[in-house]
Amino acid sequence: MDLEARLSSRVKRIKISATKEMPMIAAQVGGCVSLGQGIPSFMTPPHVVDAVAKALREDPAAGKYSLQPGMPALRAAAAELLRAEKNLPADPEREVAITVGGMEGLLCAMLTLVGPGDEVIVPEPFYPSHVEQIMLAEGTPVFAPLRRIDWGLDVDAVAAAITPRTKAIIVSSPHNPTGAVFAKADLLKLAELALRHEIFVICDDTYDALTYDGPDPEGAFSLMSVPELRHLLIGVFSFSKRFALTGWRVGFLWAREELLNQMLKIHDAAAICAPTPAQIAALASLAGPQDVFRAMRDELHKRRDLICARLDAMGGRFSHIRPRGAFYVLAKAEFPIVDSRDLALRVIREARVITIPGGAFGPGAEGHLRLSFGGAEAEIDTACDRLAAWAEKL
Ligand SMILES: Cc1ncc(COP(=O)(O)O)c(C=O)c1O
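Residues numbered from 1 in each chain as written. Predicted model: local features only at pLDDT ≥ 70, side-chain atom pairs only at ≥ 80, totals over all residues. Heavy atoms only, no water.

Draft legend 1. Local environment of the nonpolar core. In terms of nonpolar packing, the biggest core is built from 134 residues, with Leu223, Phe239 and Phe318 touching the most fellow members. At 7 residues, helix α12 (residues 291–312) tops the list of elements feeding residues into this core. Shared between two domains, this core takes at least three residues from each, and those domains are domain 1 (3–44 + 292–392) and domain 2 (46–287). Setting aside chain neighbours within four positions, we find phenylalanine 318 in contact with Leu311, Ala331, Lys332, Ala333, Glu334, Phe335, Leu369, Leu387 and Ala391. (Core = buried A, V, L, I, M, F, W, Y, C linked by side-chain atoms within 4.5 Å. Buried < 20%, exposed > 50% of the residue type's maximum accessible area, 1.4 Å probe, protein only. Helix = DSSP H or I, 4+ residues; strand = E, 2+ residues; numbered from the N terminus. Domains from an automatic or database assignment. Contact = heavy atoms within 4.5 Å.)

Draft legend 2. Quick look at the sheet that holds strand β12 (residues 356–357). Sheet architecture is open: 4 strands sit in the order β9-β10-β13-β12, paired in antiparallel fashion. Looking at the sheet topology across the chains shown, the edges are occupied by β9 (318–320) and β12. With 3 bridges joining them, β9 and strand β10 (residues 328–333) adopt antiparallel strand pairing. Bridging from a neighbouring strand, histidine 320 pairs with alanine 331 of β10. (Pairing = 2+ DSSP bridges.)

Draft legend 3. Local environment of the side chain of threonine 178. When you line up the elements, threonine 178 lands in the loop between β5 (166–171) and α9 (184–197). At a separation of 2.7 Å, a polar atom in the side chain of threonine 178 contacts the side chain of histidine 175. A distance of 3.1 Å separates a polar side-chain atom of threonine 178 from the backbone nitrogen of alanine 180. (Polar contact = N/O pair within 3.5 Å; in protein donor to acceptor, adjacent residues only side chain to side chain.)

Draft legend 4. Broad picture of the pairing of β5. In terms of residue burial, β5 counts as a mostly covered element, since 5 of its 6 residues are buried. For strand β3 (residues 119–124) and β5, the ladder comprises 3 bridges, and the chain directions are parallel. Across the sheet, the residue bridging to valine 120 is alanine 168, located in β5. Relative to strand β6 (residues 200–204), β5 is paired through 4 bridges, and the arrangement is parallel. The residue of β6 that forms the bridge with isoleucine 170 is isoleucine 202. Each parallel crossover has a hand, and the one from β5 via α9 to β6 is right-handed. (Right-handed = clockwise from strand over helix to strand, strands pointing away.)

Draft legend 5. Representation of helix α5 (residues 72–86) within the structure. In this model, α5 (15 residues) spans 20 Å end to end at C-alpha, consistent with the 21 Å of a helix rising 1.5 Å per residue. Inspection of α5 places Leu74, Arg75, Ala77, Ala78, Ala79, Leu81, Leu82 and Lys86 among the buried residues, and these make up the whole buried set. Structurally, α5 contributes buried residues whose contacts are with β2 (96–99), β7 (233–238), β8 (251–254) and α11 (276–287). At the exit of α5 stands asparagine 87, carrying a positive phi of roughly 60 degrees. (Expected span 1.5 Å × (residues − 1).)

Draft legend 6. The arrangement of the side chain of aspartate 205 in detail. In this fold, aspartate 205 is placed in the loop between β6 and β7. Look at aspartate 205 and you get buried, because its relative accessible area is 2%. Among the polar contacts listed, one links the side chain of aspartate 205 to the side chain of serine 222, at a separation of 2.7 Å. In contact with aspartate 205, not counting residues within four places along its chain, are Lys86, Ser173, Ser222, Met224 and Val236.

Draft legend 7. Here's a closer look at the site of the ligand. The environment of the ligand is formed by 14 residues, the closest being Gly102, Asp204, Tyr207, Ser238 and Ser240. One of the side-chain N or O atoms of threonine 206 is found 3.3 Å from a nitrogen atom in the ligand. Within the side chain of lysine 241, a nitrogen or oxygen atom sits 2.8 Å from an oxygen atom of the ligand. In the complex, 93% of the free accessible area of the ligand, which totals 400 Å², lies under the protein chains. Ranked by residues supplied to the shell around the ligand, first place goes to helix α6 (residues 101–113) with 4 residues. (Near = heavy atom within 4 Å. Areas by Shrake-Rupley, 256 points an atom, 1.4 Å probe, with all protein chains shown as cover.)

Draft legend 8. Expanded view of the packing of aromatic side chains. Considering all chains together, one arrives at 12 aromatic pairs under this definition. With a centroid separation of 5.4 Å and an interplanar angle of 75 degrees, the aromatic rings of phenylalanine 237 and phenylalanine 239 are classed as edge-to-face. Both residues of the pair, phenylalanine 237 and phenylalanine 239, belong to the buried class. Arranged with centres 5.5 Å apart and planes meeting at 85 degrees, the rings of phenylalanine 318 and phenylalanine 335 form a pair that is edge-to-face. Within this pair, whereas phenylalanine 318 is found in strand β9, its partner phenylalanine 335 is found in the loop between β10 and α13 (340–351), the two being separated by 17 residues in sequence. Classification of phenylalanine 335 as buried rests on a relative accessible area of 11%. (Phe/Tyr/Trp six-rings, centres within 6.5 Å; stacked < 30°, edge-to-face > 60°.)

Draft legend 9. Summary view of unusual backbone geometry. Residue proline 125 follows glutamate 124 across a cis peptide bond; omega there is 10 degrees. Tracing the backbone shows proline 125 in the loop between β3 and α7 (128–136). Cis peptide bonds are those with omega within 30 degrees of zero, and the linkage from serine 173 to proline 174 qualifies with 0 degrees. Topologically, proline 174 is positioned in the loop between β5 and α9. Phi at asparagine 87 takes a positive value of approximately 60 degrees, unusual for a residue other than glycine. Among the secondary structure elements, asparagine 87 is positioned in the loop between α5 and β2. Here asparagine 87 falls in the exposed class, since its relative accessible area comes to 59%.

The following block contains the structure:
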């Protein structure tokens, strides 16, 4: 049977991202340290583990499906977070749904809004899964380059990308892969554009709370806090990064009731509900002590300073724009290996360091490697020792 001929056109349009591919190649090479995938190194905090273990032992509901939009207590806690952090008076019963990570929330948004012929504006460099999901929905991604000088949001580039077919724009700040934190003034101009052209805004707040410094003193500004925009807004939130729960697969969505009800149809067809033990972990993270998460953020801040200092000390082999949030830095190769995939493969084979080729994030990141500083300081140091020794020999 000719399998290729029998596959859907949809699946043929998409691919597995380089973020997942590079670790698989490195596993065959062996002995690599990773600056690759975006995983904070921290273990699930003990109070979260205890809450899940207790629930599994004592609560007959803990190992079963939850209500389809999620556990009421978790939806209430999520709504409270939106109220406290984003000034959004969310209705937990009607406007919040718990999803299988931010990723499933994004997919629900995309499959609800986007179909053949629809365009979605994506600031570029981009998070590859945003683009794959647009393609999966049979839409067309339209790239709006970020400012090359500071990876800031270029609202003029977004305006130039708008056509009558534009359905939505994706905004994510702090940003993967650049670590940029977009300025409030630029985000507000983007909101004006969206309102003027009636474009939906998918606000991916996966890295909120992970800022170290930025253009605005109060931290990363989120479009979720703009009341006038709310009828056009879908907010996507993740427990993966700021609560170090990547493996638990839990996040949530906010949208006005009519829109959320449409997305819940996709959620039901795709996942039924988010895993109940993961929802219990998320609730314990939100409701329990917060100092442990603040300490994680402070630790990431130190790691940001460490990796930037190590790059600066590599004799001009790499340059970078200092990231202000998330835990990534795009390191630009200042030597003549232009293809970032070749570069990343050589760095795996010859330096035994996993990085992600910048080209995977769009043309503006070609010639760069994305380095994650989610790993422990010792790991970052070892990887930088190897990278520096390798680059020195070029
Ligand atoms: C920008 C962005 N959005 C969404 C996600 C998905 O996160 P999760 O599904 O783990 O919540 C990621 C993961 O790396 C990301 O970088």
